[in-house]
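The primary structure of each chain is shown beneath.
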Amino acid sequence: MTPPNGHLPTPASVDDALALLRAGNYVADRSLATAVYLALKLSRPLFLEGEAGVGKTEIARVLAGALGRRLVRLQCYEGLDTASAVYEWNYARQMIEIRLAEVSHDSRQTVEEEIFSERFLIRRPLLQALSPDPAGPPVLLIDELDRADEPFEAYLLEVLADYQITIPELGTIKAPAPPLTVITSNRTREIHDALKRRCFYYWVDYPDAMRELEILRVKVPGAAAALSRQVVGFVQLLRGEELFKLPGVAETIDWANAIVALDRVTLDPETIDNTLGALLKYQDDIAKIRGPEAARLLGQVKAELATAPAAR
Amino acid sequence: MSVPTTLDPGGTLAANLMHFARILRTAGLPIGPGRVLDGLRAVAAVGIQNRADFYWTLHAVFVSRRDQRDIFDQAFRLYWRDPALMERMKSILLPPALGSGEAKQPAMSRRLAEALHRGERPSRPPMAEQEDTIDMAMTWSDRELLRTKDFEQMSAAELAAAKQAMARLKLTLMQAPTRRFKPDRSGTRADLRATLRATLRSWGDVIALKFRARRRRPPPLVVLCDISGSMERYSRMFLHFLHALANDRDRVHTFLFGTRLTNITRQLRYKDVDRALEKVAHAVEDWSGGTRIGKCLAEFNLRWARRVLGQNAVVLFISDGLDRDAAQGLAPEMERLHKSCRRLIWLNPLLRFAGFEPKSLGNQAILPHVDDFRPAHNLQSLAEIAVALSAEHPRPVRGKIGAMAA
């Protein structure tokens, strides 16, 4: 559906935004679509918080795909600095250039201008995102901002305010149009309010059973409807347990894939025990659920599915 | 900028939105005039045909943390159903109004209730405040008022002495290397950018190598302080200590625990120690009760550890290790805490007795999992903690495993 050139139109209403996400195989709440629509319409960053594996990063990917924009991803980590986030000079080539200039007896002025030209500039994600793009402003994904440290957050504040970057040797580079920025955080620390204030905030929650079933239908088409219902029912019950890390949507999808790969058409206690590693990532959690607890939960799921009218 | 007027010539929406924002602000959400304008623009973009869309539009603008969602939700439901109702509620006593108007709704958040209330009486004597608190607390079934404790009981002389001592207590925390660099002559890595500049200056004849080294910075500090009955004589003193600690540096998180865990980081941010402790007294409900160390640590590990220990924090664990649950489930939680932090320091006031040996079940469960074990019963010992914190002994590689095997 991506045309070879030209901009795809941005959605004109919340319904359009919902349809856009759906077209990219992302099953979204209307509330999320509202936040996405606002971010697109008012050209503000979208700030997504939520537990790991609820599909925060996926939103940026889907937006880039559905709008036909380039996705520029900046993965954050502690100590992320301008050299790896924004730009870097190619020092080795610059050094060689100096030696060459010496041989050809260029004037000092020319050499300096030559050395600090775009030819020697290595563009990192933030600078890439501000550069003009034929497909329209890129989607800038700043992933797991909570992993970066406070100095980087402060720098980001400056970039997101004006969408421009100043390189001392080269001057200021300003984006022709602001990129569509998506910031995600797993909340391993609180992001400063000053940054959040400039964004539209959305807490990505675990989906309810209906939506999760829909997600499975889209993402794991190989799973039989009955199996999907059991998987979703089981995961939903699991999220009510006292676990160290609750399974996210990504885990549900992994698990369903694992069960399909094992050629099972319904859940049984043995299969659950063997594949629990796809769903739970802490040994304590696995030990707690494996065996009788899993069997009990499965019984509950089956009882619920038996009483509930088969909707589909 | 002119969007709001085109949307709503009468301006009632703008006025309503402003009042709504004001109520949220009083309830503690950081909403300035800029955000109100943002809200108007966002509403203009989405339109107001659909109540759910309207809700999520304002949500996207006004909410910026997960814990603000409930406040927003309640305020939205109350305000946008009937703004006048909100006004009426401000003028009458809260609890009865809640009972009649919102019978089916979950109990209104205390912060929102106080926000409504505060608008009514901006300044009030401290006595009245206390009465309010008791009144409100009785009406919320989900909060149990275990015991209220008044900080005023602290004698003036005692307070003054403690204050002075705490103010003098300077904590130079150990410096941990970060992943950032600064120019440094004796550094071990080449600073290519500076090198290139220097080379250009000398016109390429000499390549003058410049160096850089890792920047160092104190790691975050997390304090878990026991406020149970057996610790009563010390917890007051420690609170002053914790306040000094929290105001001395950034990245300090403070938790109190007795039978439950309370995060008092925000309350301690007040510069004035009296005001801060008054806020703390307000927030904590289990002063001088029993201790459930295992349960509280489990809660910390589950809800907070991944948020506050993420950057390799140092943990100060202040407790006498006397546990009402007979150390049930304490050891594994302690082990998990130990494994997820840089250094775990246990301050135990009982160590003041010369012959004290940590023989209680709680102590036995905790001891194998701490890096450092120190007394904390007077100002002298608190000053010594400062030394312990500033010393940089990196935990030996076998430390975690060795401690478990021991």
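Since we're looking at a predicted model, the values are computed, not measured. (Residues numbered from 1 in each chain as written. Chains lettered and ligands numbered in written order. Predicted model: local features only at pLDDT ≥ 70, side-chain atom pairs only at ≥ 80, totals over all residues. Heavy atoms only, no water.)

## Points about the sheet that holds strand β4 (residues 221-226) of chain B
Residue and element names in this part refer to chain B.
At step 1: Ordered in space as β6-β5-β4-β7-β8-β9, the six strands form an open sheet in which the pairing is mixed. Single-partner strands in this sheet number two, and they are β6 (261-263) and β9 (372-375). In this sheet, neighbouring strand axes are inclined to one another by 20 degrees on average, regardless of whether the strands run parallel or antiparallel.
At step 2: Inspection of the sheet shows strand β7 (residues 314-318) paired to strand β8 (residues 343-348) by five bridges, in the parallel sense. Across the sheet, the residue bridging to L316 is I345, located in β8. (Pairing = 2+ DSSP bridges. Helix = DSSP H or I, 4+ residues; strand = E, 2+ residues; numbered from the N terminus. Axes fitted to C-alpha atoms, helices over the stretch in contact; angles between N-to-C directions.)

## Thoughts on the packing of aromatic side chains
At step 1: For the coordinates displayed, the defined rule picks out 24 aromatic pairs over all chains.
At step 2: With a centroid separation of 6.1 Å and an interplanar angle of 55 degrees, the aromatic rings of Y202 of chain A and W56 of chain B are classed as tilted. Taken together, the residues span two chains, with Y202 of chain A in strand β9 (residues 200-204) and W56 of chain B in helix α4 (residues 51-62).
At step 3: Judged by relative accessible area, Y202 of chain A falls into the buried class, the value being 6%.
At step 4: For W56 of chain B, a relative accessible area of 25% puts it in the partly exposed group.
At step 5: Measuring from ring centre to ring centre gives 6.3 Å for F20 of chain B and F76 of chain B, while their planes differ by 80 degrees; the resulting arrangement is edge-to-face. (Phe/Tyr/Trp six-rings, centres within 6.5 Å; stacked < 30°, edge-to-face > 60°. Buried < 20%, exposed > 50% of the residue type's maximum accessible area, 1.4 Å probe, protein only.)

## So, the domain arrangement of chain A
How large an interface is tends to be reported as the accessible area lost when its parts come together.
All names here are of chain A.
At step 1: For chain A, the assigned domains read domain 1 (14-86 + 124-204) and domain 2 (209-306).
At step 2: Relative to domain 2, the C-alpha centre of domain 1 lies at a distance of 32 Å.
At step 3: Across the contact, nine residues belong to domain 1 and ten residues belong to domain 2.
At step 4: With both sides pooled, the region where domain 1 packs onto domain 2 buries about 760 Å², and carbon together with sulfur makes up 52% of that total.
At step 5: When the buried area of domain 1 at its contact with domain 2 is split by residue, N25, V27 and G53 rank highest and sum to 54% of it.
At step 6: Remark: the boundary between domain 1 and domain 2 carries three salt bridges.
At step 7: For K219, the salt bridge identified is with E58, shortest N-O distance 3.5 Å.
At step 8: Put simply, domain 1 and domain 2 have six residue pairs in polar contact (both at pLDDT 80 or more) between them. (Domains from an automatic or database assignment. Contact = heavy atoms within 4.5 Å. Buried area = accessible area lost by both parts, 1.4 Å probe. Salt bridge = Lys/Arg side-chain N within 4 Å of Asp/Glu carboxyl O. Polar contact = N/O pair within 3.5 Å; in protein donor to acceptor, adjacent residues only side chain to side chain.)

## Some details on the pattern of salt bridges
At step 1: Under the counting rule described, the total for this entry stands at 36 salt bridges over all chains.
At step 2: A salt bridge links E150 of chain A to R217 of chain B, with the shortest nitrogen-to-oxygen separation between them at 3.4 Å. Of this pair, E150 of chain A sits in helix α8 (residues 150-162) while R217 of chain B is found in strand β3 (residues 211-217), placing the two residues in two different chains.
At step 3: On the basis of relative accessibility, which here comes to 27%, the residue E150 of chain A falls in the partly exposed class.
At step 4: Exposure remark for R217 of chain B: the relative accessible area of 24% places this residue in the partly exposed category.
At step 5: For D205 of chain A, the salt bridge identified is with R69 of chain B, shortest N-O distance 3.6 Å. In this pair, D205 of chain A sits in the loop between β9 and α10 (209-219) while R69 of chain B sits in helix α5 (residues 69-81), so the two residues belong to two different chains.
At step 6: Taking relative accessible area as the criterion, D205 of chain A reaches 33% and is therefore assigned partly exposed.
At step 7: Via salt bridges that share partners, R187, E190 and K196 of chain A together with R65, D67 and R307 of chain B belong to a single interconnected network.

## Brief notes about the sheet that holds strand β2 (residues 189-190) of chain B
All names here are of chain B.
At step 1: Here three strands make up an open sheet; going across it, the order is β1-β3-β2 and the pairing antiparallel. Taken across any chain shown, the strands that pair with only one partner, and hence form the sheet edges, are β1 (176-183) and β2.
At step 2: Two strands pair when backbone bridges link them, and β1 and β3 are joined in this way by five bridges, in the antiparallel orientation. Within β3, the residue paired with P177 across the bridge is R216.

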